[in-house]
Amino acid sequence: IRESATLTRDVLEQHFNDLKGTLKKLLDERLMSLLQEVDAIEQESIKPLDECQKLIEHGVSTADDLLREGESAVHGDVGQQNEKLCSFTKKALHIQLDSLPEVPSLVDVPCLSAQLDDCLLTILKNQIFRHGTVASHPPVQLEEFVEKPGGILVRWCKVDDDFIPQDYRLQYRKGTASHFEDVYVGSETEFIVLHIDPNVDYQFRVCARGDGRQEWSPWSVPQIGRTTLVPHEWTTGLEGYSLSSRRNIALRNDSQSCGVLYSKAPTYFCGQTLTFRQVPSGIETVGQPDRRDSLGVCVEQQNGYDSLQRDKAVCISTNGAVFVNGKEMTNQLPAVTSGSTVTFDMEVVQLGPSSNEGGNFKLRVTISSNNREVVFDWVLDQCCVSLYFGCSFSYPGWKVLVF
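Parameters and conventions
Residues numbered from 1 in each chain as written. Predicted model: local features only at pLDDT ≥ 70, side-chain atom pairs only at ≥ 80, totals over all residues. Heavy atoms only, no water. Helix = DSSP H or I, 4+ residues; strand = E, 2+ residues; numbered from the N terminus. Buried < 20%, exposed > 50% of the residue type's maximum accessible area, 1.4 Å probe, protein only. Phe/Tyr/Trp six-rings, centres within 6.5 Å; stacked < 30°, edge-to-face > 60°. Lys NZ or Arg CZ within 6 Å of the ring centre and 35° of its normal. Expected span 1.5 Å × (residues − 1). Bend = angle between axes of the 7 residues up to and from the residue. Domains from an automatic or database assignment. Contact = heavy atoms within 4.5 Å. Buried area = accessible area lost by both parts, 1.4 Å probe. Polar contact = N/O pair within 3.5 Å; in protein donor to acceptor, adjacent residues only side chain to side chain. Nonpolar A, V, L, I, M, F, W, Y, C, P; charged D, E, K, R; others polar.

**Considerations on unusual backbone geometry**
Then step 1. Look at His195: it is not a glycine, yet its phi comes out positive at around 60 degrees.
Then step 2. Turning to its location among the elements, His195 is positioned in the loop between strand S5 (190–194) and strand S6 (202–210).
Then step 3. For Arg247, which is not glycine, the phi torsion reads 60 degrees and is therefore positive.
Then step 4. As for its placement among the helices and strands, Arg247 is situated in the loop between strand S8 (241–243) and strand S9 (249–252).
Then step 5. According to the relative accessible area criterion, Arg247 is partly exposed, its value standing at 29%.

If you want it as structure tokens, here you go:
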């Protein structure tokens, strides 16, 4: 409680300090804009009046000079009087003493003023008093962490019955030194976080957005999740496939070489779920299907084959056909296309003496694809709790993620 209270105080103080700084900046910018507008109106309006004043002052000065010259001519010597009067008369005829510039009426002259609406303070006051809330319990909480190879399945749930969620937002960070990052935003209540290093603690938190609202709820209590399972990786070096940097995505390239791409190690264990997902490859169309295509698991790597449709392997072809030890089953799944997800689940159902079918080890296999599944027993002559996975595609363009 003390830790969350201290963190909440820090968040509130930081937020309102940021708001004060932003509001001051906005008010300063608005003041500067209005002052510049006053300066522009003043300069534009005063210029013609200044010019008019100069013309009037010039006319008055000229008339004053002419008046003094006339007085001098009248009161001067008799000999020079005629000459001065003649000069005065000529100047008087050329100067238009009755011509003045048009002076605008007083009502046409701008008179600046500022209109300031006091209701802004009322609006701000009401908004500020409603801004921010303090919650003692978030409406959603993290519920479960499930280990996955190189990942963690995170589940969360709603704990406030009155809260109607529209979206959820999941964040995580490695350890406690880094910042939280968004990893999922959507309406689901679970998500598999990939690219997780094994045996490393990760912190998770989740929040929600109410129906029809824009703001997010408070964060859930941060919880630590980890996985001890090493990530699934494809084997490097096969000419027909290009791999991602983490080697969990394989792209069938345009090489003429063919063969089965296997996992680096037998990292699939019974009791887990193995998932293959066809992801967009950046090519206009997904690869052309072929009856030899396969996605599945096997007991051991066997070179020299161009498909997993062989002994000691179970697989699904891109046309939806299911093969067990090289034999096609009558049950068929939907065709695999771009964006499809195929999952394999296996559990041990028999471990002991040889059965009538000739094997002494039996696995119950469930293969799911596009909301349909097939279930069957896979009989082997040896004990296998960890298996290889593999894929083979005849044509370029197929791109598969495994996790």
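Now that the structure is up, let's keep going.
**Notes on the packing of aromatic side chains**
Then step 1. Counted according to the given criterion, the structure contains eleven aromatic pairs.
Then step 2. Measuring from centroid to centroid gives 5.3 Å for Phe145 and Phe204, while their planes differ by 45 degrees, and the two rings are tilted. In this pair, Phe145 is assigned in strand S1 (residues 140–148) and Phe204 in strand S6, connecting sequence segments 59 residues apart.
Then step 3. Since its relative accessible area comes to 25%, Phe145 is described here as partly exposed.
Then step 4. Ring geometry for Trp234 against Phe389: centres 5.0 Å apart, planes inclined by 80 degrees, an arrangement best described as edge-to-face. Of the two residues, Trp234 is situated in the loop between strand S7 (223–225) and S8 and Phe389 in strand S20 (residues 386–392); the sequence distance between them amounts to 155 residues. Pair check on accessibility: Trp234 and Phe389 agree, each one buried.
Then step 5. Among the aromatic residues, those joined into a cluster by ring pairs are Phe145, Tyr172, Tyr202 and Phe204.
Then step 6. Sitting over the face of the ring of Tyr241, Arg252 holds its NZ or CZ atom 5.5 Å from the ring centroid.
Then step 7. Over the ring of Tyr305 we find Arg310, and its NZ or CZ is 5.5 Å from the ring centre.

**Considerations on helix H1 (residues 2–75)**
Then step 1. A rise of 1.5 Å per residue sets the reference length of H1, with its 74 residues, at 110 Å; its end C-alpha atoms lie 105 Å apart and thus fit the reference within 8%.
Then step 2. Within H1, the axis deviates most sharply at Ile46, by approximately 30 degrees, and proline Pro48 lies no more than four positions further along.
Then step 3. If you check which residues of H1 are buried, you get Cys52, Leu66, Gly70 and Ala73.

**Details of the domain arrangement of the protein chain**
Then step 1. Domain annotation of the protein chain identifies domain 1 (1–130), domain 2 (140–227) and domain 3 (241–402).
Then step 2. Look at where the C-alpha atoms of domain 2 and domain 3 centre, and you get two points 31 Å apart.
Then step 3. The partner domain 3 presents five residues to the five residues of domain 2 that form the contact.
Then step 4. Here domain 2 and domain 3 share an interface that buries about 380 Å² over both sides, 50% of which is from carbon and sulfur atoms.
Then step 5. Summed over the shared surface of domain 2 and domain 3, the number is zero residue pairs in polar contact (both at pLDDT 80 or more).
Then step 6. Residues of the side of domain 2 that touches domain 3, tallied by class, amount to two nonpolar, one polar and two charged.

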